[in-house]
Amino acid sequence: MNIGVLNEDETAAIHEASLRLLEGVGVHVPHRETMERFADSGAAVDFDSERVRIPPELVQDCLEAAGKSFAIYGRDPAKTASFGVGKRNYNSIAGEASWLEEDTLTRRYARLEDVRTACKVADALPGINVVGAMSDPQDVSSAVQDVFVVKEMLKHTSKPIHFWFNTRASARYVCEMLTAMAGSEEAVASRPPTYNFLEPISPLRFPRDGIDLLYETARFPLPVSIGPMAQAGATAPVTLAGTMAQENAEILAGICITQLISPGVPVCYGGIAHTFDMRTTQLVFAGPEQALMAVGFVQLGKRYGLPVYINVGLTDAKIPDAQAGMEAGITLAMGAAAGADIFGHLGICGVDQASSLVMLMMQHELIGYVERLMDGIAVTAETLATDVIERVVGGEGGFLGDEHTVRHFRQEHWFPELLDRRFFDPWAEDGRKGMAERCRQKLQHILDTHEPEPPPKELADELERIAEAAARELGRTQHGKA
Amino acid sequence: MADMEAIAEALIKGDRDTVVGLVQQAMDDGADAQQVLNEGLVAGMDVVGRRFKNNEFYVPEVLIAARAMNAGMEVLAPALAESGVKPAGVVVLGTVKGDLHDIGKNLVGMMLKGGGFEVIDAGIDVPAERFVELLQENEAQILALSALLTTTMPQMGTVIEAVKEAGIEVRTMIGGAPITQDYADEIGADGYAADAASAVDLAREMVA
Ligand code: B1M
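Please read these numbers as outputs of a predicted model, since none were measured by experiment.

Overview of the overall build of chain B
Inference 1: Looking only at helices and strands, chain B has nine helices and five strands in total.
Inference 2: Reading the helices (α) and strands (β) of chain B from amino to carboxyl end gives α-α-α-α-β-α-β-α-β-α-β-α-β-α.
Inference 3: A globule of 208 residues ought to have a C-alpha radius of gyration of about 17 Å, and chain B, at 18 Å, matches this closely.
Inference 4: Overall, chain B is about 55 × 35 × 25 Å in size when its C-alpha atoms are taken along their principal axes.
Inference 5: Within the span of chain B, comprising 208 residues, buried residues form 49% of the whole.

If you want it as structure tokens, here you go:
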């Protein structure tokens, strides 16, 4: 299954428009060493305005140099996520500012304990193969936030992890932790436990810190996903094609940056533009335009031969309700059908501001649904089953008890865990529960029963030691926080 | 005779050139600047504001009207200054230190301008000392702080402290995605607004 929304001329037109932007308008790169590398490679660099104009040849060279597939590995090396090989990966969100309290439907600031819970829950969900921290803990000093987050993550899941790096200074300690877990820097390089995220600032700018920390993770290096969150109508043209041309230019410039720092480092094409709601001034996470652009970005990214990451399966609803199911379902189905490699940010509830574990349960059910969609329809003599039809029509019994049915039903039909298909009475007798309530029950069950594989004691001790060192070095307290 | 209704109408349409032309013409004809402001520009902006609240107008339409309003104001400025008319209020606005998010802050600024406020935009990543400096240099009634990160919101408290320490009398309002009324209360801000339109309402209350 490979759906598309753009024809070849249209993807070519977007690509050409992006190249024109990169050569004509250029990108803002507030990082001296990176500007120098650009200049050495034939880009026109204005060091005063920090503007870099990138010729199409350099873009082409960098696209060719970039690694096109990679895998990341959990503490348990059997748990992996593979990019660029036709697999679909599902990533819970790396971090959100707020946390949805499921019983009161209120928001509070996210905490470090939420990272533990998020890891434990995603660790238990077979459909989630990259575990995100889901919380940007507000009870940890910002200078060492990522260090403390990674410490908890490595302790509470054995799957590959995803979190937001903070700065180059804190990244040093995070890299130390990754090295402690893998055993050596070479081991991190050959079996990276995570990937880095470079987020250009639309329109056509880059964050200094974001670039700077690529020099730190270059020691392995870690694969890099490049994803600008252009907002159609606010930080990019209101037209979808215009937003896509700009976003594509930003991604291509980001790919150039990664290749100039670490030639050959694998990248992931993050087509994660959104629209901007002209009524409320909110970012829109899951409108029909989101599905259209996501499919278009998969087409563009695949044109470059790259693994692709898109923002689908998400919602603007503040709670895991019918709106959430509708938005997440339609967008995820389309994104998967387009052939994307990774679906990030699962577990967000309410644009891009809060995490909800109940929402994650709903999305997990959706993953099962979509995976069945993607299995498609197998057509063989055995599945066409004309002989079975003949046998049943000529015989006494129906299809239900036929051995052909028994042989195939578990593969041909998907069995949901949370979608309700019972008769009315049993459903009513069971408390007339809606989907959100069933999701809540499943969550509670996981919280009560799942225990992630703990790390070896030496590793746990080492993580504590590194976190302590980071806190000492980078400043531990900020407004009375640990 | 100057046609106030035509000015208001052009403003509602966001037709900057027509607004400037009509305002200029009115002034050339000897109209009273204060009257052009109130019955032309502000009257037009009031309609825009009402339509926005009724969901008939969306943000781009408000912004383009605000831009026409500002262009008209520029024509009136010399005459207004002469007759001692002041803007609705002066606001020092900025995104706090460590924070680079400015889309929301810019929207707040544009809407405030549309509401007749003079806005001094300090930009992004603004340290407390810079806010203090700007407040000392300008006679502002309102200090407006934006933060989008839970890691930078404590900076808002720092700014409020610094302003107090410098002995400056000013009303502070704060906003940004992670900000809540509770948080505003906690750090001693005078007000919180959830979006740009309510920021204008709040600012009006603060100077009323
Ligand atoms: C004074 O009175 C007032 C009154 C009302 C006020 C007000 C002041 N200020 C705002 N308002 C209010 O009115 C406005 C209009 O109605 C509204 O303003 P908003 O700004 O809320 O709304 C805008 C109109 C549209 N919204 C936005 O523009 C923000 C959208 C999101 C997606 C966002 C964006 C776009 C960006 N980001 Co950033 N970003 C996110 C945002 C998620 C979200 N949904 O909020 C958030 C805020 N970012 C986050 C993060 C983590 C980061 N970001 C970063 C960078 C960026 C970009 C630069 C790429 C870009 C900003 C571009 C720019 N020019 O501003 C990094 C930090 C950089 C820095 N030091 O600031 C980085 C750290 C990412 C990284 N690892 O590099 C998260 C914060 C989490 C937390 N712990 O708080 C985040 C919630 C996304 C997420 N879920 O991870 C109201 O809040």
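This is not the end of the story, as more comes after the structure.
A closer look at the interface of chain A and chain B
Inference 1: Contact residues are listed per partner, giving 17 residues for chain A and 18 residues for chain B.
Inference 2: A combined buried area of about 1,500 Å² lies between chain A and chain B, and 66% of that area is made up of carbon and sulfur atoms.
Inference 3: Contact with chain B buries surface across chain A, with A:Tyr109, A:Met278 and A:Arg279 losing the most and accounting together for 38% of the total.
Inference 4: For the pair chain A and chain B, the interface holds three residue pairs in polar contact (both at pLDDT 80 or more).
Inference 5: When its residues are assigned to classes, the side of chain A that touches chain B shows five nonpolar, nine polar and three charged.

Considerations on the side chain of A:His31
Inference 1: Within the secondary structure, A:His31 is located in the loop between strand E1 (27-28) and helix H2 (32-40).
Inference 2: Look past the residues within four positions of A:His31 in its chain and what remains in contact with it is A:Arg208, A:Ile211, A:Asp212 and A:Tyr215.

A few points about the sheet that holds strand E2 (residues 44-46) of chain A
All names here are of chain A.
Inference 1: Within the open sheet, the three strands sit side by side as E1-E3-E2. Their pairing is antiparallel. Looking at strand neighbours, the two that pair on one side only are E1 and E2, the edges of this open sheet.
Inference 2: Of the strand pairs in this sheet, E2 and strand E3 (residues 51-53) are connected by three bridges, and their pairing is antiparallel. What sits directly across from Asp46, in E3, is Arg51.
Inference 3: Across the sheet, H2 touches E2 and E3, and the angle it forms with E2 is around 145°.

Notes on helix H5 (residues 103-114) of chain B
An α-helical turn contains 3.6 residues, so a residue and the one three or four places further along point in the same direction.
Inference 1: Here H5(B) contains 12 residues, and its C-alpha end-to-end distance of 17 Å stays within 8% of the 16 Å for a straight helix at 1.5 Å per residue.
Inference 2: Listed as buried for H5(B) are B:Lys105, B:Leu107, B:Val108, B:Gly109, B:Met111, B:Leu112 and B:Gly114.

Some words on the packing of aromatic side chains
Residues and elements named next belong to chain A.
Inference 1: Per the counting criterion, the structure on display carries 12 aromatic pairs over all chains.
Inference 2: Consider the rings of Phe83 and Tyr195, whose centres lie 5.8 Å apart with planes at 65°: the pair is edge-to-face. Linking Phe83 in strand E5 (residues 80-83) with Tyr195 in the loop between helix H7 (185-190) and strand E11 (196-198), this pair joins segments that are 112 residues apart in sequence.
Inference 3: We classify Tyr195 as buried; its relative accessible area is 3%.
Inference 4: Members of the aromatic cluster, connected to one another through ring pairs, are Phe70, Phe83 and Tyr195.

Quick word on the site of the ligand
Inference 1: A:Glu96, A:Thr281, A:Asp352, B:Leu100 and B:His101 are the nearest of the 42 residues found near the ligand.
Inference 2: Flanking the ligand are residues from chains A and B.
Inference 3: Here a nitrogen atom of the ligand and a side-chain polar atom of A:Glu96 are 2.6 Å apart.
Inference 4: A distance of 2.7 Å is found between a nitrogen atom of the ligand and a side-chain nitrogen or oxygen belonging to B:Asp102.
Inference 5: When residues of the shell around the ligand are traced back to their parent elements, those giving at least two are H5, strand E3 (142-146), strand E4 (171-175) and helix H9 (196-207) of chain B.

So, the coordination of the cobalt atom of the ligand
Inference 1: Counting protein donors to the cobalt atom of the ligand gives just one, B:His101 (NE2), placed at 2.2 Å.
Inference 2: Along the chain, B:His101 falls in the loop between strand E1 (90-95) and H5.

A word on a negative patch on the surface
All names here are of chain A.
Inference 1: Taken together, Glu23, Glu57, Asp61 and Glu64 make up a surface patch of like negative charges.
Inference 2: Of all the elements, helix H3 (residues 56-65) adds the most residues to the negative patch, at three residues.
Inference 3: As for its placement among the helices and strands, Glu23 is situated in helix H1 (residues 8-24).

A closer look at the domain arrangement of chain B
Residue and element names in this part refer to chain B.
Inference 1: Per the domain assignment, the segments of chain B are domain 1 (4-82) and domain 2 (90-207).
Inference 2: Just the C-alpha atoms count here: the centres of domain 1 and domain 2 sit 26 Å apart.
Inference 3: Facing the nine residues of domain 1 at the interface are eight residues of domain 2.
Inference 4: Carbon and sulfur atoms supply 73% of the area that domain 1 and domain 2 bury against each other, a total of about 670 Å² over both sides.
Inference 5: Residue Lys53 is joined to Asp201 by a salt bridge in which the shortest nitrogen-to-oxygen separation is 3.3 Å.
Inference 6: Connecting domain 1 to domain 2 are one residue pair in polar contact (both at pLDDT 80 or more).
Inference 7: Looking at the side of domain 1 that touches domain 2, the element that brings in the most residues is helix H4 (residues 59-82), giving six residues.
Inference 8: Per-class residue counts for the side of domain 1 that touches domain 2 are seven nonpolar, one polar and one charged.

So, the side chain of B:Asp99
All names here are of chain B.
Inference 1: Take Asp99: it is sitting in the loop between E1 and H5.
Inference 2: Buried charge without a partner: Asp99 forms no salt bridge, and the closest opposite charge is Lys105, 10 Å away.
Inference 3: When sequence neighbours within four positions are dropped, the list of residues in contact with Asp99 reads Ile124, Asp125, Ala147, Leu148, Leu149 and Thr152.

What to know about the packing of helix H1 (residues 4-13) of chain B against helix H3 (residues 33-53) of chain B
All names here are of chain B.
Inference 1: Following both chains from N to C, one finds H1 and H3 inclined at 40°, their axes separated by 8 Å at the closest point. Judged by the angle between their axes, H1 and H3 are oblique. Once H1 is placed against H3, the crossing between them reads as right-handed. Contact residues: H1 offers Met4, Ile7, Ala8, Leu11 and Ile12, while H3 offers Gln35, Val36, Glu39, Gly40, Leu41, Gly44, Met45, Val47, Val48 and Arg51.
Inference 2: Its residues placed into classes, the contact of H1 with H3 shows 10 nonpolar, three polar and two charged.

Quick look at helix H9 (residues 240-261) of chain A
Inference 1: For H9(A), spanning 22 residues, the distance from its first C-alpha to its last is 31 Å, which sits close to the expected 32 Å at 1.5 Å a residue.
Inference 2: Counting buried positions along H9(A) yields 20 of 22 residues, so the element is predominantly enclosed.

Some details on the sheet that holds strand E15 (residues 274-276) of chain A
Residues and elements named next belong to chain A.
Inference 1: The three strands are arranged E13-E15-E16 in an open sheet whose pairing can be described as mixed. In the strand order of this sheet, the two ends are held by strand E13 (231-232) and strand E16 (283-284), each with one partner.
Inference 2: With two bridges joining them, E15 and E16 adopt antiparallel strand pairing. Its bridge partner lying in E16, Phe276 is registered against Leu283.
Inference 3: Relative to E15, helix H10 (residues 288-303) is tilted by about 145°, and along the sheet it contacts E15 and E16.

About the criteria used
Residues numbered from 1 in each chain as written. Chains lettered and ligands numbered in written order. Predicted model: local features only at pLDDT ≥ 70, side-chain atom pairs only at ≥ 80, totals over all residues. Heavy atoms only, no water. Helix = DSSP H or I, 4+ residues; strand = E, 2+ residues; numbered from the N terminus. Rg over C-alpha atoms; globule rule 2.2 N^0.38 Å. Buried < 20%, exposed > 50% of the residue type's maximum accessible area, 1.4 Å probe, protein only. Contact = heavy atoms within 4.5 Å. Buried area = accessible area lost by both parts, 1.4 Å probe. Polar contact = N/O pair within 3.5 Å; in protein donor to acceptor, adjacent residues only side chain to side chain. Nonpolar A, V, L, I, M, F, W, Y, C, P; charged D, E, K, R; others polar. Pairing = 2+ DSSP bridges. Axes fitted to C-alpha atoms, helices over the stretch in contact; angles between N-to-C directions. Expected span 1.5 Å × (residues − 1). Phe/Tyr/Trp six-rings, centres within 6.5 Å; stacked < 30°, edge-to-face > 60°. Near = heavy atom within 4 Å. Donors = N, O, S within 2.8 Å, 3.2 Å for Na, K, Ca; no water. Patch = residues over 30% accessible without salt bridge, like charges linked within 9 Å, V, L, I, M, F, W, Y side chains within 5 Å. Areas by Shrake-Rupley, 256 points an atom, 1.4 Å probe, with all protein chains shown as cover. Salt bridge = Lys/Arg side-chain N within 4 Å of Asp/Glu carboxyl O. Lys, Arg positive; Asp, Glu negative; His and termini not counted. Charge placed at Lys NZ, Arg CZ, Asp CG, Glu CD. Domains from an automatic or database assignment. Parallel < 35°, antiparallel > 145°, perpendicular 65-115°, else oblique. Left-handed = near helix turned anticlockwise from the far one by under 90°.

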